[in-house]
Amino acid sequence: MSALQVVFVAALTALLLGVVLFSAFTVRAALVVRPTTARGSWLVRIGRASNRDVQRWAFVAHRATGVAVFAFLLLHVFDVALFTLSPARFDDVHELYGTAPMRVFECLLFFAILFHTFNGLRLVLLDVAEIRLSTARRLLHVAVALTAVAGTAASVVILKPVVA
Amino acid sequence: MTALAVEIERSDSEARRHFTVEVGEPTMVLDVLLALQRTDASLAFRYSCRVAMCGTCTIRVDGRPVLACRTPVLLGADGLLLEPLAGLPVVRDLIVDTTPFSTAWRSVEPWFTPRADAEPRVLAADDPSREAIESGLDCISCGACWTACDLAGAEHRFLGPAALNRAMTLAADARDGARDRRLRLVSQEGGVTRCHYIHGCSGACPKGIDPAASIRRLRRWSIGAGR
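Throughout, a residue's number is its position along its own chain's written sequence, starting from 1. Throughout, the order in which chains and ligands are written sets their labels, letters from A for the former and numbers from 1 for the latter. Whole-chain, interface and lining totals are the exception, using all residues; otherwise, since this is a predicted model, local features are given only for residues with pLDDT of at least 70 and side-chain atom pairs are given and counted only at 80 or more. Side-chain numbers come from the whole structure's heavy atoms, not from hydrogens or water.

**Regarding the sheet that holds strand S4 (residues 64-67) of chain B**
Residue and element names in this part refer to chain B. To be explicit about the condition: Any two strands are treated as partners once DSSP identifies two or more bridges connecting them. For the purposes of this entry, the term helix denotes a DSSP run of H or I that reaches at least four residues, the term strand denotes a run of E that reaches at least two, and both are numbered from the N terminus. Between the N-to-C directions of two axes lies an angle of 0 to 180 degrees, each axis being a line fitted to C-alpha atoms and, for a helix, fitted only over the stretch in contact. We call two residues in contact when some of their heavy atoms are within 4.5 Å.
Within the open sheet, the 5 strands sit side by side as S2-S1-S5-S3-S4. Their pairing is mixed. Pairing within the sheet leaves two strands with one partner each, and these edge strands are strand S2 (18-23) and S4. Direction aside, the axes of adjacent strands within the sheet are offset by 40° on average. With 3 bridges joining them, strand S1 (residues 2-8) and strand S5 (residues 80-83) adopt parallel strand pairing. Residue pairing for S5: Val6 is matched across the bridge by Leu80. Its contacts with the sheet put helix H1 (residues 29-39) on S1, S2, strand S3 (58-61) and S5, and the angle it makes with S2 is roughly 120°.

**Brief notes about the packing of aromatic side chains**
Two aromatic rings are characterised by how far apart their centres lie and by the angle between their planes. Residue and element names in this part refer to chain B. Put simply, the rule reads: Centres within 6.5 Å are what make two rings of Phe, Tyr or Trp a pair, Trp counting through its six-membered ring; a difference in plane orientation under 30 degrees is then read as stacked, over 60 as edge-to-face, and the rest as tilted. Throughout this description, buried means an accessible area under 20% of the type-specific maximum (1.4 Å probe, protein chains only), exposed means over 50%, and partly exposed covers the range between.
All chains considered together, the criterion is met by 7 aromatic pairs over all chains. Here Phe101 and Trp146 contribute two aromatic rings whose centre-to-centre distance is 5.9 Å and whose plane-to-plane angle is 80°, an arrangement assigned as edge-to-face. Pair noted here: Phe101 is in helix H2 (residues 99-107) and Trp146 is in helix H4 (residues 144-148), with a separation of 45 residues, a long-range link. By relative accessible area, which is 8% here, Phe101 ends up buried. Judged by its relative accessible area of 1%, Trp146 falls in the buried class. Through a chain of ring-to-ring contacts, the aromatic side chains of Phe101, Trp105 and Trp146 assemble into a single cluster.

**Here we look at the interface of chain A and chain B**
Inclusion rule: Note on definitions: buried area is the accessible-area loss of two parts on being combined, 1.4 Å probe, summed for both. Basic side-chain nitrogens of Lys or Arg form a salt bridge, by our definition, when they fall within 4 Å of a carboxyl oxygen of Asp or Glu. Polar contacts, as used here, are pairs of N or O atoms within 3.5 Å; protein pairs need one atom able to donate a hydrogen and one able to accept it. Residues neighboring in sequence count only if both atoms are side-chain atoms. Only Asp, Glu, Lys and Arg are considered charged in this grouping, and only Ala, Val, Leu, Ile, Met, Phe, Trp, Tyr, Cys and Pro are considered nonpolar; every other residue, Gly among them, is considered polar.
Across the boundary between the two partners, chain A contributes 26 residues, which contact 34 residues of chain B. Regarding the contact of chain A and chain B, the summed buried area is about 2500 Å², with carbon and sulfur atoms giving 42% of it. At the junction of chain A with chain B, the criterion picks out 5 salt bridges. When the shortest N-O distance is used, the salt bridge between Arg220 of chain B and Glu130 of chain A registers 2.9 Å. Linking chain A to chain B there are 8 residue pairs in polar contact (both at pLDDT 80 or more). Breaking the side of chain A that touches chain B down by element, the ones donating at least two residues are helix H1 (3-33), helix H3 (54-85), helix H5 (100-128) and helix H6 (133-163) of chain A. Taken together, the residues of the side of chain A that touches chain B break down into 11 nonpolar, 4 polar and 11 charged.

**Some words on the side chain of Arg175 of chain B**
All names here are of chain B. Within the fold, Arg175 resides in the loop between helix H6 (161-171) and helix H7 (179-187). Arg175 sits in the buried class, given a relative accessible area of 19%. Side chain to side chain, Arg175 and Asp173 meet in a polar contact 2.8 Å long. Beyond its immediate chain neighbours, meaning those up to four positions away, Arg175 contacts Phe112, Thr113, Pro114, Arg115, Ala118, Pro120, Arg121, Val122 and Leu123.

**Some details on the pattern of salt bridges**
Within the structure shown, the criterion is met by 16 salt bridges over all chains. A salt bridge links Arg217 of chain B to Glu130 of chain A; the nearest nitrogen and oxygen atoms lie 2.7 Å apart. Here Arg217 of chain B, found in helix H9 (residues 211-224), pairs with Glu130 of chain A, found in the loop between H5 and H6, and the two come from separate chains. Residue class for Arg217 of chain B comes out buried when judged on its relative accessible area of 11%. Through salt bridges that share partners, Glu130 of chain A together with Arg217 and Arg220 of chain B make up one connected network.

**Some thoughts on the domain arrangement of chain B**
All names here are of chain B. Here is the rule we go by: The start and end points of each domain follow an automatic or database-based domain assignment.
Domains assigned within chain B are domain 1 (2-96) and domain 2 (99-224). With centres defined by C-alpha atoms, the gap from domain 1 to domain 2 works out at 29 Å. Of the residues lining the interface, 14 residues belong to domain 1; the matching set on domain 2 comes to 15 residues. Taken together, the two surfaces of domain 1 and domain 2 that pack against each other cover about 980 Å², and 63% of this comes from carbon and sulfur. On the domain 1 side of the interface with domain 2, the three residues burying the most area are Pro65, Gly87 and Leu88, jointly 39% of the side's total. Our enumeration of links across domain 1 and domain 2 arrives at 0 salt bridges. Put simply, domain 1 and domain 2 have 4 residue pairs in polar contact (both at pLDDT 80 or more) between them. Of all the secondary-structure elements, those providing two or more residues to the side of domain 1 that touches domain 2 are S3 and S4. Here the side of domain 1 that touches domain 2 takes 3 residues from S4, the largest share from any one element.

**A few points about the side chain of Ser214 of chain B**
Following the sequence through the fold, Ser214 of chain B ends up in helix H9. Among all residues touching Ser214 of chain B, those that are not within four sequence positions of it are Asn165 and Met168 of chain B.

Laid out in structure tokens, this is it:
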């Protein structure tokens, strides 16, 4: 690996760590606000895995995916900007995007983008239209289903070169 | 009858926390509390109507805010954890001080102020505004939504789902003479713009109300009124 590639991987690792910490903070905030010693894991303590709490889970996921997408966007602006300095350096860093670990990361990122987009559109719809609680939950199911289908299809395309 | 282990969050750290009670089918959580109070008279909790009308007996059962009088105990469960509502100061054991909740409730002027020239004086059964009004009218001010809301529990500047839901039911009524003032009140800091779409309130409401939808509706009206 070249020095520039090491810097890129280090920056990406730091950002991913930041996203994980932020997600943990979001989850912890939900626990602190509703302090409880309820039995079960911390996952259970945020909300039950039931349809009643499904929108609460969507809120946590929306925040985490939003920060993840924003963090990667920041890094991506810098690595694309390398082209203005030197096309060779740009190529050097962008070689990493073709490696297997980066392709897996891209798949996860794509899932995050898709969920954030579809759930965001759902929230806009809730804001501008009269939508019942049951319909709002159904819309979330649709958003998750669309994320799963589109994300899986994109992952096949992204991973195909390394799997083959 | 089945033996059920019950753990209760007590305000006095020295007080007994673990109990065992014999329960049959059906048994409500309030029945369990009443049975336990016979073995430990120092156990403090509130209740009144026993039919989900007054909202007095709201506590957290296994972390979830519920009405103790209408929450059945599941036989075969490995135990029951009872805690006071979160986001409100504990007075004793399962009793909380609801002043922050009541203060927010009062601040939206939750009473009907009739317009002198209101016509018609009675809304027809098929009046379109009835749908909005009746969707939030079942609120019993139990505080479950307050506990389930991450914002209302954390910072008392937020009016909370119940107060905003009440404001919506009044503002939806064309005969309400205080609509403009009410919309101004809920548009201020701590009003409708503080809702973050967490939907904890709608998931917790024991009466099946969707306070989050009421807040969104109120927000649309506030924007429409240029607030």
